[in-house]
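Spelled out, the chains give:
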Amino acid sequence: MKIWLDGGLREAEAARVSVFDHGLTVGDGVFETVKATEGRPFALTRHLDRLSRSARGLGLPDPDHDEVRRACEAVLAANPMPLGRLRITYTGGHGPLGSDRGDRGPTLVVAVAESGRRPDTTAVITVPWTRNERGAVTGLKTTSYAENVVALARAHQHGASEALFGNTVDRLCEGTGSNVFVVLDGEIHTPPLASGCLDGITRALAVEWTGAKETDLPLDVLERADEVFLTSTLRDVQAVHRVDDRGLPGAPGPVTAKAMRIFDERAGHDLDP
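Residues numbered from 1 in each chain as written. Predicted model: local features only at pLDDT ≥ 70, side-chain atom pairs only at ≥ 80, totals over all residues. Heavy atoms only, no water.

**Focus: the nonpolar core**
General note: in soluble globular proteins, nonpolar side chains tend to be found buried as a group. Threshold: We call a set of buried Ala, Val, Leu, Ile, Met, Phe, Trp, Tyr and Cys residues a nonpolar core when their side-chain atoms join them within 4.5 Å. For each residue, the accessible area found with a 1.4 Å probe, counting protein chains only, is set against the maximum for its type, and the residue is called buried under 20%, exposed over 50%, and partly exposed in between. Helix numbering and strand numbering both begin at the N terminus, where a helix is a DSSP run of H or I of at least 4 residues and a strand a DSSP run of E of at least 2. Note on definitions: a residue-residue contact is assigned when non-hydrogen atoms from the two residues lie within 4.5 Å.
Cys72, Leu86, Ile88, Tyr90, Leu108 and Val110 are the most contacted members of the largest nonpolar core, which has 23 residues in total. Of all the secondary-structure elements, those providing two or more residues to this core are β3 (29-37), α2 (44-58), α3 (65-78), β5 (83-91) and β6 (107-114). Sequence-distant contacts of Leu86, that is, excluding residues within four places in its chain, are made with Glu32, Thr33, Val34, Cys72, Val75, Leu76, Val110, Ala111 and Val112. With 18 residues, the next largest nonpolar core counts Leu205, Val207, Val255 and Ala259 among its residues.

What follows is the structure, given as structure tokens:
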């Protein structure tokens, strides 16, 4: 396995990042996960644009998109696989053992791991913890992911693949690594960005391609929605057949099935929409 680290390809076993890297010590970093099919990344331009937005939100310099593209191309060429999870990580670089940032410049790592196609349906749970829709890093895709690790572990303990959060005012927000959509009376709805959810790449495409509405939704909408589905880079559009103890028989329902079909068709025709 070869990865890209600060300017070139390295054997994974020989690649080293300082133990004083701010991404490790205080989670001062941002990242993107990009789906790669037969060595071709999907929606890379959108991912790079969001990487820059997240970096600016942390006060990091803009990443060099040309370098990141070269890194992605090199890593995918060096590690051929049918379906890959391409991970771009960009951190504050070497820094002190505190929140102050150092002056040596950022660290860039690009790596890939093989992935499998997700099932058509999955189970989710809700968790008692909240997203802070008014936080300093709300909407940024940062490496500070411990809250998601804890929530996802609880989901796995309950036989689910994802955990869904409400926000501080008890509105539906997002999953640990996905956006959530509900179907009410035949119409597709998803929480607005003001809820505190991440501006997901797949979410944005699903809204654009299906006509889904951005709607402020109470968390308990999950108890009455006709259909529920998730979107994310590696899930694409994935139906939900259980929310907590509530079954959704027949998933994917007709609206979700149409959304899945539309996404597959549109994504198949344009790798960089």
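**Regarding the packing of aromatic side chains**
Inclusion rule: Here is the rule: rings of Phe, Tyr and Trp (six-membered ring for Trp) pair when centre to centre is within 6.5 Å. Planes less than 30 degrees apart are stacked, more than 60 are edge-to-face, and the remainder are tilted. Only lysine NZ and arginine CZ atoms are considered, and such an atom sits over a ring when it is within 6 Å of the ring centre and within 35 degrees of the ring normal.
Overall, the coordinates contain four aromatic pairs when judged by the stated rule. Arranged with centres 5.3 Å apart and planes meeting at 80°, the rings of Phe31 and Tyr145 form a pair that is edge-to-face. Here the residue Phe31 occupies a position in strand β3, and Tyr145 occupies one in the loop between β7 (121-131) and α4 (146-157), the gap between them amounting to 114 residues. Given a relative accessible area of 4%, Phe31 falls into the buried group. Exposure remark for Tyr145: the relative accessible area of 29% places this residue in the partly exposed category. Joined through ring pairs, the aromatic side chains of Phe42, Trp209 and Phe263 make up one cluster. Over the ring of Phe42 we find Lys35, and its NZ or CZ is 5.3 Å from the ring centre. One residue, Arg131, lies across the ring of Phe165, its end atom 4.0 Å from the ring centre.

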